Amino acid sequence: MVTLGSVPERLARNRYELDEGESHIQVDQDAVRRTGCGPLLVAICSAHVYRLEDDGSVGVEYAACLECGTCLAVAPPGVLSWHYPRGGCGVAFREG
Ligand code: SF4
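Residues numbered from 1 in each chain as written. Predicted model: local features only at pLDDT ≥ 70, side-chain atom pairs only at ≥ 80, totals over all residues. Heavy atoms only, no water.

## Examining the packing of aromatic side chains
The condition that has to hold: Pairing of aromatic rings covers Phe, Tyr and the six-membered ring of Trp, with a centre-to-centre limit of 6.5 Å; geometry is then stacked below 30 degrees between planes, edge-to-face above 60, and tilted otherwise. Using a 1.4 Å probe on the protein chains alone, a residue whose accessible area is under 20% of its type maximum counts as buried, one over 50% counts as exposed, and one in between counts as partly exposed.
Inspection of every chain in the model, using the stated rule, returns one aromatic pair. A ring pair is formed by W82 and Y84, whose centres lie 5.0 Å apart and whose planes are at 75°; its orientation type is edge-to-face. On the basis of relative accessibility, which here comes to 14%, the residue W82 falls in the buried class.

## So, unusual backbone geometry
Spelled out, the test is: Note on conventions: DSSP H or I runs of at least 4 residues are helices, E runs of at least 2 residues are strands, and numbering of each starts at the N terminus.
Here the phi dihedral of H48 falls at roughly 55°; this positive angle occurs in a residue that is not glycine. In this fold, H48 is placed in the loop between α3 (38-44) and β3 (50-52). For H48, a relative accessible area of 64% translates into the label exposed. The phi torsion at E67 lies on the positive side, around 60°, for a residue other than glycine. Following the sequence through the fold, E67 ends up in the loop between β4 (58-60) and α4 (70-74).

## Points about the site of the ligand
The following threshold applies: We call a residue near a given molecule or strand whenever any one of its heavy atoms falls within 4 Å of it. Note on definitions: the grid is 1 Å and covers protein atoms alone; a cavity is a set of points where a 1.4 Å probe fits but cannot get out; a pocket is an open set with protein on both sides within 12 Å along at least five of seven lines; lining residues have an atom within 4 Å of a point. Cavity and pocket membership follows a simple rule, namely that a molecule belongs there if more than half of its atoms are within 2 Å of the grid points. When residues are sorted by character, Ala, Val, Leu, Ile, Met, Phe, Trp, Tyr, Cys and Pro go into the nonpolar class, Asp, Glu, Lys and Arg into the charged class, and all the rest, Gly among them, into the polar class.
Around the ligand, 13 residues are found, and the nearest of them are C45, C65, C68, G69 and C71. The cavity where the ligand resides is the largest cavity. Classifying every residue of the shell around the ligand gives 10 nonpolar, two polar and one charged.

## Here we look at empty space enclosed by the protein
Cut-off, in case you're wondering: Grid points are joined across faces, edges and corners, and a volume is the space filled by probe spheres set on the points.
Enumeration according to the criterion identifies two cavities of 30 Å³ or more in this entry. What lines the largest cavity is a set of 15 residues, among which C45, C65, L66, C68 and C71 lie closest to the centre. Class assignment for the residues of the lining of the largest cavity results in 11 nonpolar, three polar and one charged. Its boundaries defined by the atoms lining it, the second largest cavity holds a volume of some 90 Å³. Among the secondary structure elements, those contributing two or more residues to the lining of the second largest cavity are β1 (15-17) and β6 (90-92). Of the residues in the lining of the second largest cavity, the class split is eight nonpolar, two polar and four charged.

If you want it as structure tokens, here you go:
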């Protein structure tokens, strides 16, 4: 029987090449406050990229992004500007 391990164990197998010069995720903080979507972004991201700040804004730790696109699917229009990391950067998934 093959065991796949826990989600954290499986995520730990991934490799990340960080683009230190540019975040591939930008958040329009005015749109976050207007729509109240901050808690939603925090809740839906399994990689914990988003965090809710005390002032109601949303912080971004883009280095951990799995590039799944879920946040793009659920965020109200105008909240996120998201593109894949520049060439050679981002997540590399490992099997096994
Ligand atoms: Fe999180 Fe996926 Fe959005 Fe990346 S693309 S920030 S992993 S929900």
